[in-house]
Amino acid sequence: MITIKKAVFPVAGLGTRFLPATKAVAKEMLTIVDKPLIQYAAEEAEKAGIDTLIFVVGRTKNSIIDHFDKAYELESELALRNKDELLKIVQDTVPTGVSCVFVRQPEALGLGHAVLCAEAIVGNEPFAVILPDDLIDNEGDNCIQQMIAVYDKYKASVIGTQTIDISESDKYGMVAGPKIEERLSMVDEIIEKPAPAEAPSDQAIVGRYILTPAIFDILKTTVRGAGGEIQLTDGIAALRKREEVYAYSFEGKRYDCGSKIGYLEATVDFALKHEELADEFRQFLKQFNV
Ligand code: G1P
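Residues numbered from 1 in each chain as written. Predicted model: local features only at pLDDT ≥ 70, side-chain atom pairs only at ≥ 80, totals over all residues. Heavy atoms only, no water.

Peer 1: I'm lost on the site of the ligand in this one. Help?
Peer 2: Around the ligand lies a shell of 13 residues, among which Asp134, Gly173, Glu192, Lys193 and Ile205 are the nearest. At 3.0 Å from an oxygen atom of the ligand is found a main-chain nitrogen or oxygen belonging to Gly173. Ile205 places a polar main-chain atom, nitrogen or oxygen, 2.6 Å from an oxygen atom of the ligand. The fraction of the free accessible surface of the ligand (380 Å²) that becomes covered by protein chains is 76%. Tallied by class, residues from the shell around the ligand come to five nonpolar, four polar and four charged. (Near = heavy atom within 4 Å. Polar contact = N/O pair within 3.5 Å; in protein donor to acceptor, adjacent residues only side chain to side chain. Areas by Shrake-Rupley, 256 points an atom, 1.4 Å probe, with all protein chains shown as cover. Nonpolar A, V, L, I, M, F, W, Y, C, P; charged D, E, K, R; others polar.)

Peer 1: Even after reading the chapter, I still don't get the pattern of salt bridges, so can you show me in this structure?
Peer 2: Should their charged atoms come close, side chains of opposite charge can pair. Per the stated rule, a full pass over the model turns up 19 salt bridges. For Lys5, the salt bridge goes to Asp51, with nearest N and O atoms at 3.3 Å. Remark: Asp51 occurs in the loop between α1 (37–47) and β4 (52–57) and Lys5 occurs in the segment before β1 (6–11); sequence separation between them is 46 residues. Glu75 is paired through a salt bridge with Lys70; the nearest N and O atoms lie 3.0 Å apart. Judged by relative accessible area, which is 8%, Glu75 ranks as buried. Residue class for Lys70 comes out partly exposed when judged on its relative accessible area of 43%. One salt-bridge network, in which partners are shared between bridges, spans Glu119, Asp217 and Lys220. (Salt bridge = Lys/Arg side-chain N within 4 Å of Asp/Glu carboxyl O. Helix = DSSP H or I, 4+ residues; strand = E, 2+ residues; numbered from the N terminus. Buried < 20%, exposed > 50% of the residue type's maximum accessible area, 1.4 Å probe, protein only.)

And the structure:
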């Protein structure tokens, strides 16, 4: 039985780190080779058996809504020209049986607030949160699949983590706690973007969460924290006083596609794995003796 059926994608952020590219285009629509970031995130959820994709969007994110809508003109044009493969690519953006729901986050009040905006759709069941900026690539089970397996075993919230250089702790939510088993720890301490001297460990939160619905009531009273925003991390800190919360160091490579360097790294790695492009691109790269 699949226990996690819904995933929330908080996609209302302004994407200022990519201006001017993100002046008129949602940052989640930036492409890695030939697919927008948001689609990689949606596919990760779908592969994990999730059938309801909840996008928490801002006013300037209509391109995301369009991307997951039916494209009548394009589809009939491709059908007319017998471009079957392309037609399938367009139609597969939302596989059969998967629903997309769009919720507006009226003000950019932070990640915790964005997740709270999805409450009415999620209801009283555990759910996933996926931040599309964090692109995670893995040969075997994807990150959300791995985390659902942890949820199924412990029936508690799970946060995806990875080891970082402690000097970067002020870019992440940071966690610490005793080890339970390979890759899994309890969360005893959790803090949003601490200075390196205040970081409880070198374990950083990456944009993947499985949360119990108890988080919603907590987020309603969570006050503004780091950056003046309602932080999901602060909500989880309160949640862990009521319930156990686990940190799971997932298998897979994470690209921070909210940063230019992470975006470029993902582009090169994904191009080198791309069915049609890999050989030609590898040839092209040979000229750079860097
Ligand atoms: C958010 C979270 C942070 C987490 C990070 C992962 O921060 O608030 O805890 O470590 O995502 O990408 P943001 O990058 O949106 O500032």
